[in-house]
Amino acid sequence: MNGLDGVVKSVQQTARYVASHLADHTGTGSETNPSGEAQIGADVWADRLFFEELSELDAVGAYASEERQDVVDCGRGYSVAIDPLDGSSNLASNNSVGTIVGVYDAELPAAGRAMVAAIMVLYGPYTTMAVARADTDGVGEFLLRDGFSERWGTCTIPETATVVGLAGKTSERSDACNALADELNHDLKPRYGGATVADLRQVLEYGGLFGYPATTTNPDGKLRVHFESAPLAYIVDAAGGRSTDGTQSLLDVDPDGLHARTPTFLGNGVLIEQVETALTG
Ligand code: AFP
C-alpha cells in the first residue's frame with residue numbers, strides 16, 4: 001500500500017465513525033475558528049478524530065485544519081489540509097455535512113497544483129466518499145457502511161447542466177454577480193443547502209454550478225483555499241468539470257496564508273466560462 005492508500009483508508013475509517021456518531025454532537029459551541037466563525041462542538045470533535053488518525057501515518061508530515069491556527073508538524077511526508085466537518089451549522093437542522101481533505105506534496109501554504117489527491121466525504125441519507133488521485137484517472141466513489149466500504153461508482157459531471165447554487169445575499173453581491181445569478185436561475189434549478197460538499201455533489205450528479213462569490217461580508221469569498229476550494233476544484237477537474245475564482249482555476253490561486261479565502265465557482269466548463277465573462281466583463 002503506498003502513502004496515498006494509507007491516507008484514503010484512514011479518512012474512510014474515521015469518516016465511518018463520524019457518520020455513526022454525528023447525532024451526539026449537534027449542539028452549538030462558544031469558540032470561534034481561526035477564520036473567526038462560530039465553532040461548534042462537532043467541529044472540534046471531528047478535527048480531533050481525524051488528527052489522531054492522520055498524524056500517525058508515516059506518509060503524513062504535516063496536518064493543517066480549518067479548526068487550527070497553525071500547521072501541526074508530524075514528521076516527513078505529505079501535508080494534509082482538512083475541513084473536518086464542512087457545513088457543520090447544518091447539523092442543528094439535520095441537513096447534510098461533509099469532510100474535505102487535500103493532500104499536498106509541499107509545505108503549506110501552497111497552491112492547489114501541489115496536490116496529489118483530494119477526498120470529499122458526504123454525510124447524507126447515506127455516507128459516500130469521493131476520491132481523486134494523481135496516480136489514478138477520474139473520481140472513484142465509495143459507500144461507507146458500518147464496518148466496511150464498497151465501490152459505489154465514479155463521479156463524472158454530466159455535459160448538460162441542470163442545477164445552480166449561488167451563495168450570498170443579493171444585497172451583498174456585486175451587480176455583475178446578481179446579473180449572472182438572474183441568467184443562471186432562468187435556465188437552471190436552484191440547489192443550495194449550506195454545505196459545499198452536499199451542494200457540489202448535486203452539481204456532479206446533475207450538472208451545473210456551485211458558487212460562493214465575493215460579498216460585502218466576505219470580500220475574498222467565504223470558502224478557504226486549502227480546506228475547501230482547492231481540494232474540491234481538484235475533484236471537479238478529475239470529474240470533467242472546471243473551477244474559477246472569477247479569473248483563474250482555483251488550483252492556480254496562490255494563498256497568502258493558511259486560512260486564505262477565495263471566491264469559488266465549481267461546475268461545468270461552459271458555466272465556468274460564463275462566470276469569468278460575467279465577472280471580468
Ligand atoms: P459552516 O461550516 O460554518 O456551516 O460553513 C459552511 C461553509 O463553509 C460551506 O460549507 C458552505 O457552502 C458555506 O459555508 C455556507 O455559507 P452560508 O451560511 O453563508 O450560506
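Residues numbered from 1 in each chain as written. Predicted model: local features only at pLDDT ≥ 70, side-chain atom pairs only at ≥ 80, totals over all residues. Heavy atoms only, no water.

J.: Lay out the overall build of the protein chain in plain terms, naming residues and giving numbers.
T.: When helices and strands are counted, the protein chain shows six helices and 15 strands. A compact globule built from 281 residues would reach a C-alpha radius of gyration of about 19 Å, and the protein chain, at 17 Å, matches this within 12%. Expressed as lengths along the three principal axes of its C-alpha atoms, the size of the protein chain is roughly 50 × 40 × 35 Å. Within the protein chain, contacts between residues at least 6 apart in sequence are counted, and of these 61% link residues at least 24 apart. Total accessible area on the protein chain is roughly 12000 Å²; 45% of this is exposed by carbon and sulfur atoms. Considering the protein chain, the positive charge centre built from 18 side chains and the negative charge centre built from 40 side chains are found 5 Å apart. (Helix = DSSP H or I, 4+ residues; strand = E, 2+ residues; numbered from the N terminus. Rg over C-alpha atoms; globule rule 2.2 N^0.38 Å. Contact = heavy atoms within 4.5 Å. Areas by Shrake-Rupley, 256 points an atom, 1.4 Å probe, with all protein chains shown as cover. Lys, Arg positive; Asp, Glu negative; His and termini not counted. Charge placed at Lys NZ, Arg CZ, Asp CG, Glu CD.)

J.: Run through helix α3 (residues 175–187), naming residues and quoting values.
T.: Taking 1.5 Å per residue as the helical rise, α3 with its 13 residues ought to reach 18 Å, and the 19 Å between its terminal C-alpha atoms agrees with that figure. Where α3 is concerned, the buried positions are C177, N178, L180, A181 and L184. Along α3, the residues classed as buried sweep out an arc of 155 degrees about the axis, all on the same side. Exposed residues on α3 whose side chains face more than 90 degrees from its buried face are D175, D182, H186 and D187. On its buried side, α3 packs onto β11 (163–166), β13 (208–212) and α6 (269–280). (Expected span 1.5 Å × (residues − 1). Buried < 20%, exposed > 50% of the residue type's maximum accessible area, 1.4 Å probe, protein only. Arc of directions from axis to C-beta.)

J.: Give a detailed account of the pattern of salt bridges, specifying residues and quantitative values.
T.: Within the structure shown, the criterion is met by 14 salt bridges. For R224, the salt bridge goes to E228, with nearest N and O atoms at 2.9 Å. Judged by its relative accessible area of 2%, R224 falls in the buried class. By relative accessible area, E228 is classed as buried at 2%. A salt bridge links R242 to E276, with the shortest nitrogen-to-oxygen separation between them at 3.8 Å. Residue R242 is found in strand β14 (residues 242–244), and its partner E276 is found in helix α6; the two are separated by 34 residues along the sequence. You can call E276 buried: its relative accessible area is 17%. (Salt bridge = Lys/Arg side-chain N within 4 Å of Asp/Glu carboxyl O.)

J.: With reference to specific residues and values, describe the sheet that holds strand β4 (residues 72–73).
T.: Spatial ordering of the open sheet is given by β4-β3-β5-β6-β7-β8-β9-β10, a layout of eight strands whose pairing is mixed. Pairing within the sheet leaves two strands with one partner each, and these edge strands are β4 and β10 (148–154). When strand β9 (residues 139–145) meets β10, the two strands line up antiparallel, connected through six bridges. Bridging from a neighbouring strand, R145 pairs with F148 of β10. In this fold helix α4 (residues 196–206) packs onto β5 (78–86), β6 (97–104), β7 (115–123) and β9, with an angle of close to 100 degrees to the strand it touches most, β7. Docked against the sheet, helix α5 (residues 225–238) engages β3 (60–65), β5, β6, β7, β8 (127–133) and β9, running at close to 95 degrees with respect to β7. (Pairing = 2+ DSSP bridges. Axes fitted to C-alpha atoms, helices over the stretch in contact; angles between N-to-C directions.)

J.: Any chance you could break down the site of the ligand for me, citing the residues and the numbers?
T.: Looking at the ligand, there are 14 residues lining it, with D86, S89, Y192, T196 and Y212 nearest. With respect to the ligand, the side chain of T196 contributes an N or O atom lying 2.8 Å from an oxygen atom. Within the contact set of the ligand, an oxygen atom lies 3.3 Å away from a side-chain nitrogen or oxygen of R224. In the complex, the protein chains occlude 81% of the 480 Å² of accessible area that the ligand would expose alone. A breakdown of the residues in the shell around the ligand according to their chemical character gives five nonpolar, five polar and four charged. Taken domain by domain, the makeup of the shell around the ligand includes at least three residues from each of domain 1 (3–154) and domain 2 (163–280). (Near = heavy atom within 4 Å. Polar contact = N/O pair within 3.5 Å; in protein donor to acceptor, adjacent residues only side chain to side chain. Nonpolar A, V, L, I, M, F, W, Y, C, P; charged D, E, K, R; others polar. Domains from an automatic or database assignment.)

J.: Summarise the environment of Q274; cite the residues concerned and give the values.
T.: Positionally, Q274 belongs in helix α6. It is 8.1 Å that separates the C-alpha atoms of Q274 and L180, two residues lying 94 residues apart in sequence. In contact with Q274, not counting residues within four places along its chain, are L180, E183 and L184.

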